[in-house]
Amino acid sequence: MKKLLMALVLGTSLLAHAADKLVIGASPTPHAELLEHLKPMLLQQGVDLDIKVYTDYVQPNVQLVEKRIDANFFQHKPYMDEFNRSRGASIQAVADVLIAPFGAYSKKITNISELKDGAVVAIPNDAVNGGRALQLLDQAKVIKLTDPKNNMSTEKDIAQNLKNIKIKQLEAPMLPRVLGEVDLAIINTTFALEAKLSPSKDALILESGQSSYVNLLAARADNKDSPAMKKLMAALQSPESKKFILERFKGNIVPAF
């Protein structure tokens, strides 16, 4: 009888622990790094964080919608909104965490003023980050957009191509790999850091700290207010999180809280 009672107690304990497990999809850097740093703190609070690393921008949302993961941490709101619109999804923002500024990089020039006429410029091929890249080129006066505030600008929205640049659209993870083959590449900070590029030191153009592209924790409507999710949200916006971001990334990543 005692063994049976012990088994029941242990079983209940295991179930309770499993109920507090959160499976989070994240990009390798800086998102998964920050989550790994916060994992011990969350475990002390009864939340077992299982971090799944993704190297693309589609599967973390697809698997969140399909309930294969509980939340994700890799995207900004404009991207999330466009995914919801195009896929008929309803992923929701839980917490703003950090800003990973977009940068323009080159192995052929050291200043944006050196960009030659007819240069080949590589940008992300997804709608939101492609528009964001064009906004950065507008900021640098390489092109002029019809509406610089339009996050969804495309090549058709270029009013003036001041350098007659040729735009090459590629999957975001591919951009660092083709850096030596193009004159300029607009690269997401996640992939820039993975390629050992420092946005604050190596970027010829860099978004300002007032960027509207804040990376956030996202979840579904059915679980975004769960006790475990609230603990994760608090951890991501904690002084410990801010300290790690500032010390680990040395200005390349900026806290948004």
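As a starting point, this report considers the structure included with it.

Basis of the calculations
- Note that residues are indexed from 1 along each chain, following the sequence as it is written.
- Reporting in this predicted model follows two pLDDT cut-offs: at least 70 for local features of residues, and 80 or more for side-chain atom pairs to be given and counted; totals over whole chains, interfaces and linings ignore these cut-offs and use all residues.
- Side-chain metrics in this entry use all non-hydrogen atoms of the structure; hydrogen atoms and water are not considered.
- To qualify as a helix, a DSSP run of H or I must reach at least 4 residues; to qualify as a strand, a run of E must reach at least 2; elements of each kind are numbered from the N terminus.
- For every residue, the accessible area (1.4 Å probe, protein chains only) is compared with the maximum for its type, and the residue is labelled buried under 20%, exposed over 50%, or partly exposed between those bounds.
- Throughout this description, a polar contact denotes any pair of N or O atoms lying within 3.5 Å of each other; where both atoms belong to protein, one of them has to be capable of donating a hydrogen while the other can accept it, and for residues adjacent in sequence the pair is counted only when both atoms sit in side chains.
- In what follows, a contact means two residues having at least one pair of non-hydrogen atoms within 4.5 Å.
- Here the nonpolar core consists of buried residues drawn from Ala, Val, Leu, Ile, Met, Phe, Trp, Tyr and Cys, with membership extended through side-chain atoms lying within 4.5 Å.
- In this description, strands pair whenever DSSP reports at least two bridges between them.
- An expected span of 1.5 Å times one less than the residue number is assigned to each helix.
- A residue's bend is given by the angle between axes fitted to the 7 residues ending at it and the 7 residues starting at it.
- The working definition used for a salt bridge is a side-chain nitrogen of Lys or Arg within 4 Å of a carboxyl oxygen of Asp or Glu.
- All axes here are fitted lines through C-alpha atoms, helices being fitted over the stretch that makes contact, and every angle between N-to-C directions spans 0 to 180 degrees.

### Considerations on the side chain of Thr29
Part 1 of the argument: Take Thr29: it is sitting in helix α2 (residues 28–44).
Part 2 of the argument: Judged by its relative accessible area of 11%, Thr29 falls in the buried class.
Part 3 of the argument: At 3.2 Å, the side chain of Thr29 and the side chain of Glu33 are in polar contact.
Part 4 of the argument: When near neighbours in sequence (up to four residues on either side) are disregarded, Thr29 contacts Thr190, Leu193, Glu194 and Phe249.

### Re the nonpolar core
Part 1 of the argument: Counting residues in hydrophobic clusters, the biggest one holds 30 residues, and the most contacted among them are Leu34, Leu35, Phe73, Leu232 and Leu236.
Part 2 of the argument: Listed by contribution, the elements that provide at least two residues to this core are β1 (21–26), α2, β2 (48–53), β3 (71–76), β4 (92–99), β12 (214–219), α8 (227–236) and α9 (239–249).
Part 3 of the argument: Discounting residues that sit within four places of it in the chain, Leu35 has contacts with Ile24, Ala26, Leu49, Ile51, Phe73, Leu232 and Leu236.
Part 4 of the argument: Counting 21 residues, the second-largest nonpolar core is a separate cluster that includes Phe102, Leu145, Ile158 and Leu184.

### Concerning the pairing of β4
Part 1 of the argument: As paired elements, β4 and β12 share six bridges and run antiparallel to each other. Residue pairing across strands places Ala93 opposite Ala218, the latter belonging to β12.
Part 2 of the argument: When β4 meets strand β13 (residues 254–255), the two strands line up antiparallel, connected through two bridges. Bridging across to β13, Leu98 finds its partner in Pro255.

### Looking at helix α5 (residues 127–139)
An α-helical turn contains 3.6 residues, so any two residues separated by three or four positions project in the same direction.
Part 1 of the argument: For α5, which comprises 13 residues, the first-to-last C-alpha distance of 18 Å matches the rise-based estimate of 18 Å (1.5 Å per residue) to within 8%.
Part 2 of the argument: Counting buried residues along α5, 11 of its 13 residues qualify, which places the element largely inside the surrounding structure.
Part 3 of the argument: Every buried residue belonging to α5 is among Val128, Asn129, Gly130, Gly131, Arg132, Ala133, Leu134, Gln135, Leu136, Leu137 and Asp138, and all of these are buried.
Part 4 of the argument: Looking one or two residues past α5, Lys141 carries a phi angle of roughly 60°, positive in sign.

### Remarks on α2
Part 1 of the argument: With 17 residues, α2 ought to run about 24 Å at 1.5 Å a step, and its terminal C-alpha atoms sit 24 Å apart, in line with that.
Part 2 of the argument: The principal kink in α2, of about 40°, is found at Leu38, preceding the proline Pro40 by one to four residues.
Part 3 of the argument: Looking only at α2, the buried set comprises Pro28, Thr29, Pro30, His31, Ala32, Leu34, Leu35, Leu38 and Leu42.
Part 4 of the argument: Just downstream of α2, Gly46 is the residue with a positive phi angle, here 90°.

### Overview of the pattern of salt bridges
Opposite charge on two side chains permits pairing when their charged atoms draw close.
Part 1 of the argument: Per the stated rule, a full pass over the model turns up 10 salt bridges.
Part 2 of the argument: Notably, a salt bridge pairs Lys77 with Asp81, separated by 2.8 Å at the nearest N-O pair. Taken together, the positions of Lys77 and Asp81, both in helix α4 (residues 77–87) and four residues apart, correspond to about one turn of that helix.
Part 3 of the argument: Taking the relative accessible area as the measure of exposure, Lys77 reaches 44% and is therefore partly exposed.
Part 4 of the argument: Between Arg220 and Asp222 there is a salt bridge whose closest N-O contact spans 2.9 Å.
Part 5 of the argument: Beyond isolated ion pairs, a larger network of salt bridges with shared partners links Lys21, Asp50 and Lys52.

### Quick look at the sheet that holds strand β10 (residues 184–187)
Part 1 of the argument: Spatial strand order, β9-β6-β10-β5-β11: five strands in an open sheet with mixed pairing. Bordering the open sheet on either side are β9 (166–170) and β11 (205–206), each of which pairs with just one other strand.
Part 2 of the argument: Judged from the five bridges that link them, strand β6 (residues 120–124) and β9 form a sheet pairing that is parallel. Residue pairing across strands places Pro124 opposite Leu170, the latter belonging to β9.
Part 3 of the argument: Lying over the sheet, α5 contacts β5 (103–105), β6, β9, β10 and β11, oriented at roughly 135° with respect to β6.

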